[in-house]
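Below are the chains, spelled out letter by letter.
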Amino acid sequence: NAGVTQTPKFQVLKTGQSMTLQCAQDMNHNSMYWYRQDPGMGLRLIYYSASEGTTDKGEVPNGYNVSRLNKREFSLRLESAAPSQTSVYFCASRAPTGLNQPQHFGDGTRLSIL
Amino acid sequence: GENVEQHPSTLSVQEGDSAVIKCTYSDSASNYFPWYKQELGKGPQLIIDIRSNVGEKKDQRIAVTLNKTAKHFSLHITETQPEDSAVYFCAARAPSGGSYIPTFGRGTSLIVHP
């Protein structure tokens, strides 16, 4: 049972380059999320998708775009990477039954912008 | 919006001791409080959660208590073991238009010395 799979695991970019982070879940979850994690800052929500076909901004959406490709896949795109976007990015999904169900996280993409 | 404060940021204990991590929240409408454990190089994993209609929940060496009046909740780990060393995150979720958007604390790094 793979759960939430993120690719790539590591990436180094130069300032101004673009990149898409991929996320897929095999648990038939409706909701998917993208977070960034910085030292001492906890998890901050970038974008989320409550269901297939919908996306909404989170706390820190500037500089990012997302695509909910289908129920399984939710991608995060950096159009013009900046050093401030150096971070660890986590994708999460959540079960469709009931409102108070926990999120399931992938193991992250470690992104460095030079 | 919801604000979650988590303390301490670092906690160092001897193997066999107990560890307590505390969180406070601001929105009295919050009704779901998950706790996540994040091991090095991995994504957060749910270890225990509590809903607002319950004051305490236990799962083997782990327990969570909730005080709705004071708006705080705590994670208790008894008989700590070196494998408990990790970063722990609390979260609180207030109902918001049907979307599940929890607010996370900034994390506690627990170090258990053998």
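Just above, that's the structure.
Small disclaimer: the values here were computed from a predicted structure and weren't measured. Residue numbers restart at each chain and count upward from 1, following the sequence in its written direction. Note on labels: chains are lettered from A, ligands numbered from 1, in written order. Given that the model is predicted, a residue must reach a pLDDT of at least 70 before its local features are reported, and side-chain atom pairs must reach 80 or more before they are shown or counted; all residues, however, enter totals for whole chains, interfaces and linings. Excluding hydrogens and water, the side-chain values take into account all heavy atoms of the structure.

1. A short note on the state of the cysteines
Disulfide: a covalent bond connecting the sulfur atoms of a pair of cysteines. This is how it is decided: Disulfides are defined in this document as cysteine sulfur pairs within 2.5 Å. Helix and strand definitions follow DSSP, with helices as H or I runs of at least four residues and strands as E runs of at least two, each counted in order from the N terminus. Accessible area is worked out with a 1.4 Å probe on protein chains only. A residue is then buried under 20% of its type maximum, exposed over 50%, and partly exposed in between.
Using the criterion set out here, one finds 2 disulfides over all chains in the structure. Note that A:Cys23 is cross-linked by a disulfide to A:Cys91, the S-S spacing being 1.9 Å. Between A:Cys23 and A:Cys91 the disulfide shows an S-S torsion of about -75°. By sign, it is left-handed. Taken together, the positions of A:Cys23 in strand E3 (residues 19-25) and A:Cys91 in strand E9 (residues 87-94) put the pair 68 residues apart, joining distant regions of the chain. Residues A:Cys23 and A:Cys91 agree in their burial class; the two are buried. A disulfide bridge connects B:Cys23 with B:Cys90, and the sulfur atoms are separated by 2.0 Å. Between B:Cys23 and B:Cys90, the disulfide has an S-S torsion of -100° and is therefore left-handed.

2. Brief notes about the sheet that holds strand E1 (residues 4-7) of chain A
Residue and element names in this part refer to chain A. Just so we agree on the cut-off: DSSP calls a pair of strands paired once it identifies at least 2 bridges connecting them. Inter-axis angles, ranging from 0 to 180 degrees, are taken between N-to-C directions of lines fitted to C-alpha atoms, where helices are fitted over the stretch in contact.
The strand order across the open sheet formed by 4 strands is E1-E3-E8-E7, and the pairing between neighbours is antiparallel. Bordering the open sheet on either side are E1 and strand E7 (64-68), each of which pairs with just one other strand. Averaged over neighbouring strand pairs, the angle between their axes works out to 20° when direction is ignored. Where E7 lies against strand E8 (residues 74-78), 5 bridges are found, and the strand directions are antiparallel. The residue bridging Val66 from the neighbouring strand is Leu76, located in E8.

3. A word on the pattern of salt bridges
A side chain of one charge can pair with a side chain of the opposite charge if their charged atoms are brought near each other. Residues and elements named next belong to chain A. Formally: Salt bridge, as applied in this entry: a Lys or Arg side-chain nitrogen positioned within 4 Å of an Asp or Glu carboxyl oxygen.
Going through the model one piece at a time under the given rule, you end up with 8 salt bridges over all chains. Between Arg36 and Asp38 there is a salt bridge whose closest N-O contact spans 2.9 Å. Exposure remark for Asp38: the relative accessible area of 13% places this residue in the buried category. Across the pair Arg77 and Glu79 runs a salt bridge whose closest N-O atoms are separated by 3.1 Å. Classification of Glu79 as partly exposed rests on a relative accessible area of 44%. Taken together, the salt bridges that share partners define one network made up of Arg36, Asp38 and Arg44.

4. As for the sheet that holds strand E7 (residues 62-67) of chain B
Residue and element names in this part refer to chain B. Here 5 strands make up an open sheet; going across it, the order is E1-E3-E8-E7-E6 and the pairing antiparallel. Looking at which strands have only one partner, the edges of the open sheet turn out to be strand E1 (4-7) and strand E6 (56-59). The sheet shows a mean angle of 15° between the axes of neighbouring strands, taken without regard to direction. Where E1 meets strand E3 (residues 19-25), 4 bridges bridge the pair, whose relative direction is antiparallel. Across the sheet, residue Glu5 finds its bridge partner in E3, namely Thr24.

5. Remarks on the packing of aromatic side chains
Worth spelling out the cut-off: Under the pairing criterion, centres of Phe, Tyr and Trp rings, with the six-membered ring standing for Trp, must be within 6.5 Å; the plane angle then separates stacked pairs below 30 degrees from edge-to-face pairs above 60, leaving the rest tilted.
Summed over all chains, the structure comprises 13 aromatic pairs over all chains. Pairing A:Tyr35 with B:Phe104 gives two aromatic rings, centres 5.6 Å apart and planes at 85°, and the pair type is edge-to-face. Linking A:Tyr35 in strand E4 (residues 31-38) with B:Phe104 in strand E10 (residues 103-104), this pair reaches from one chain into another. Here A:Tyr35 and B:Phe104 have matching classes, each one buried. The interplanar angle of 50° and the centroid separation of 5.8 Å between the aromatic rings of B:Tyr36 and B:Phe104 together place this pair among those described as tilted. Placement of B:Tyr36 in strand E4 (residues 32-38) and of B:Phe104 in strand E10 is noted, with a sequence separation of 68 residues between them. When sorted by exposure, B:Tyr36 lands in the same class as B:Phe104, which is buried.

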